[in-house]
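# Inside the fold
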Amino acid sequence: MIYILAIDQGTTSSRAIVFDADMRPQGSAQEEFAQHFPRSGWVEHAPEDLWQTVLRSCEGALEAADISAQALAGIGITNQRETTLLWDRATGEPLYNAIVWQDRRTSDACAALKEAGHEALIRAKTGLLLDPYFSGTKLAWLLDSVEGARARAEAGELAFGTVDSWLVWNLTGGRVHATDATNASRTLLYDIHAGEWSEEICTLLGIPMSLLPEVKDCSALFGTTDVLGATVPILGIAGDQQAATIGQGCFSAGMMKATYGTGCFALLNTGRDAVTSEHKLLTTIAYQLEGEITYALEGSIFVAGAVVQWLRDGLGVIDAAPDTQALAESADCAQDVIIVPAFTGLGAPYWNPDCRGAAFGLTRATGPAEMARAALESVGYQTRDLLEAMRADWGDSAEAALRVDGGMCASDWTMQFLTDITGAQVDRPSILETTALGAAWLAGHAAGLYPDQAGFAQMWQLDRSFMPQMSAAQRAQKYERWQRAVAAAQAV
């Protein structure tokens, strides 16, 4: 039997899953790692934590599947995007912690670039907005803030990468410095129309192009690794949201998916058309196969599953994430509490990095149940914000059904509120780990083990469809109250 190993390196944990020749999971392992918050709005990871938890998870997944690395036809990688690393090419030693996508330390730098009139250029070439979310200004901060970094970068001694590049570097023993088109498209440095790094933007941000990795198709040979006990090719890479789009079989223009992890990210496949959003969505690369780019509109919510983490770790009102559903079901319906979880600013369609979280409608009777319900509802409200913007940009061509995945989708209560507040049919697949599945397909397809896009899409299986039960009037009333709450939070 031949297998594929999928690495899913996320914001709070690393995971590995072994898939068989029929794309069925056979073994998995997962390990959390520490989050570092050195200042308000700053979020960091220790680079070695990312690598070591991935390595141990791969070893654990192989053990759980009861196979050796010799049985692997290839490895696929999917990763948290925009998180930025800088390391020494000779030693592989990081110069600083990884600056996480949630980090807001470059807010002032982004504001200055906007004030100077540079956002139009950046948006035209990259499809992105000037926001601390993306890698480019994080990298510029590293070069300016780490002693000696700029001089060493200009001398060609350093390498920049998002998490996928860092993992490939370590897996190949420093032999390969590469990324894929989806991760490159999230750096603020990549021209998504020309399919190459933008020298003009790199000059604007003061970034030597010698720092940048080679950009490849999502399904391609990224080198080989020997760290698992046998020589195994690395055959696929995609950023986590693009991997989930692939794993959901969203290969046709108009198909939509939303992934609920630490954040929530909705992607609408727009085919070969790079649609410019009029509603502050991002134009991005959905995937690149055989040199052909497929584009997407993306809406990014910074806090989705992270609001449940906050209930557990910040407020201490739950012991584990699954506890939220029972609490939400027991909440007092007469209390209409709204939480705007802008802990690290607001993403699409607001893009307000300075906004902070707020709660509205609190009374003396408000308790853990009401807070849990409001936390889960905030995810539905934010998703509606994204879908409203997508429909406005794309028109009626977007399909009516929204395919969902990620940990929060296991909650029937949350999915029912999602369909109620959006008015859209919500389809949950039988395999919720679509991000890892997408990475596995990229590698398995390159290995000749898995079918082409059409064949893979036909294998998608529905677990359950959720249909709206809330009245249109109630839906409108609740959403209008959410909009007032967001406006109030931004006004503070």
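## Some details on the side chain of arginine 186
- As for its placement among the helices and strands, arginine 186 is situated in the loop between helix H7 (181-184) and strand E10 (190-191).
- Judged by its relative accessible area of 0%, arginine 186 falls in the buried class.
- A polar atom in the side chain of arginine 186 sits 2.7 Å from the side chain of glutamate 82.
- A distance of 3.5 Å separates the side chain of arginine 186 from the side chain of tyrosine 133, its partner in a polar contact.

## Quick look at the nonpolar core
- Leu86, Leu189, Leu211 and Tyr260 are the most contacted members of the largest nonpolar core, which has 84 residues in total.
- The element best represented in this core is helix H12 (residues 368-394), accounting for 12 residues.
- Setting aside its immediate chain neighbours within four residues, leucine 86 contacts Pro94, Leu95, Tyr96, Leu139, Leu142, Leu143, Ala149, Leu158, Ala159, Phe160 and Leu211.

## Observations concerning the environment of alanine 61
- By secondary structure assignment, the location of alanine 61 is in helix H1 (residues 47-65).
- When the C-alpha positions of alanine 61 and alanine 159 are compared, they lie 30 Å apart, and in sequence the two are 98 residues distant.

## Brief notes about the sheet that holds strand E22 (residues 425-429)
- Read across the sheet, 7 strands follow the order E17-E18-E16-E15-E21-E22-E23 without closing on themselves; strand pairing throughout is mixed. The open sheet terminates on both sides in strands that have one partner only, identified here as strand E17 (282-289) and strand E23 (462-466). In this sheet, neighbouring strand axes are inclined to one another by 30 degrees on average, regardless of whether the strands run parallel or antiparallel.
- As judged from the 3 bridges shared by strand E21 (residues 401-405) and E22, these two strands associate in the parallel manner. Opposite alanine 401, over in E22, you have glutamine 425 as the bridge partner.
- Across the face of the sheet, H12 comes into contact with strand E15 (256-260), strand E16 (264-271), strand E18 (292-301) and E21 while running at roughly 140 degrees to E18.

## Digging into the pattern of salt bridges
- Going through the model one piece at a time under the given rule, you end up with 27 salt bridges.
- Residues arginine 81 and glutamate 82 are paired through a salt bridge, measuring 3.8 Å at the closest nitrogen-oxygen approach. Of the two residues, arginine 81 and glutamate 82, both sit in the buried class.
- Between arginine 81 and aspartate 240 there is a salt bridge, and its shortest N-O distance comes to 3.4 Å. In this pair, arginine 81 sits in the loop between strand E5 (72-79) and strand E6 (85-88) while aspartate 240 sits in helix H9 (residues 240-247), placing the two residues 159 residues apart along the sequence. Per residue, the accessibility class of arginine 81 equals that of aspartate 240, and both read buried.

## Some words on the sheet that holds strand E14 (residues 232-239)
- If you walk across this open sheet you meet the 6 strands as E3-E2-E1-E5-E14-E13, and the pairing is mixed. The sheet terminates laterally at strand E3 (25-32) and strand E13 (224-225), the two strands that pair on one side only.
- The sheet contacts of H1 involve strand E1 (3-9), strand E2 (13-19), E3 and E5, and relative to E3 the element is tilted by about 150 degrees.
- Along the sheet, helix H14 (residues 434-446) contacts E1, E2, E5 and E14; its crossing angle with E1, the most-contacted strand, is approximately 135 degrees.

## Section: the packing of H12 against helix H13 (residues 412-422)
- Where H12 contacts H13, the axes come no closer than 9 Å and their chain directions differ by 40 degrees. The angle between the axes of H12 and H13 places the two elements in the oblique class. Considering how the two elements wind past one another, H12 and H13 form a crossing that is right-handed. Taken together, the residues of H13 that come into contact with H12 (itself represented by Arg373, Leu376, Glu377, Gly380, Tyr381, Thr383, Arg384, Leu387 and Arg391) are Trp413, Thr414, Phe417, Leu418, Ile421 and Thr422.
- Its residues assigned to classes, the contact of H12 with H13 shows 7 nonpolar, 4 polar and 4 charged.

About the thresholds
- Residues numbered from 1 in each chain as written.
- Predicted model: local features only at pLDDT ≥ 70, side-chain atom pairs only at ≥ 80, totals over all residues.
- Heavy atoms only, no water.
- Helix = DSSP H or I, 4+ residues; strand = E, 2+ residues; numbered from the N terminus.
- Buried < 20%, exposed > 50% of the residue type's maximum accessible area, 1.4 Å probe, protein only.
- Polar contact = N/O pair within 3.5 Å; in protein donor to acceptor, adjacent residues only side chain to side chain.
- Core = buried A, V, L, I, M, F, W, Y, C linked by side-chain atoms within 4.5 Å.
- Contact = heavy atoms within 4.5 Å.
- Pairing = 2+ DSSP bridges.
- Axes fitted to C-alpha atoms, helices over the stretch in contact; angles between N-to-C directions.
- Salt bridge = Lys/Arg side-chain N within 4 Å of Asp/Glu carboxyl O.
- Parallel < 35°, antiparallel > 145°, perpendicular 65-115°, else oblique.
- Left-handed = near helix turned anticlockwise from the far one by under 90°.
- Nonpolar A, V, L, I, M, F, W, Y, C, P; charged D, E, K, R; others polar.

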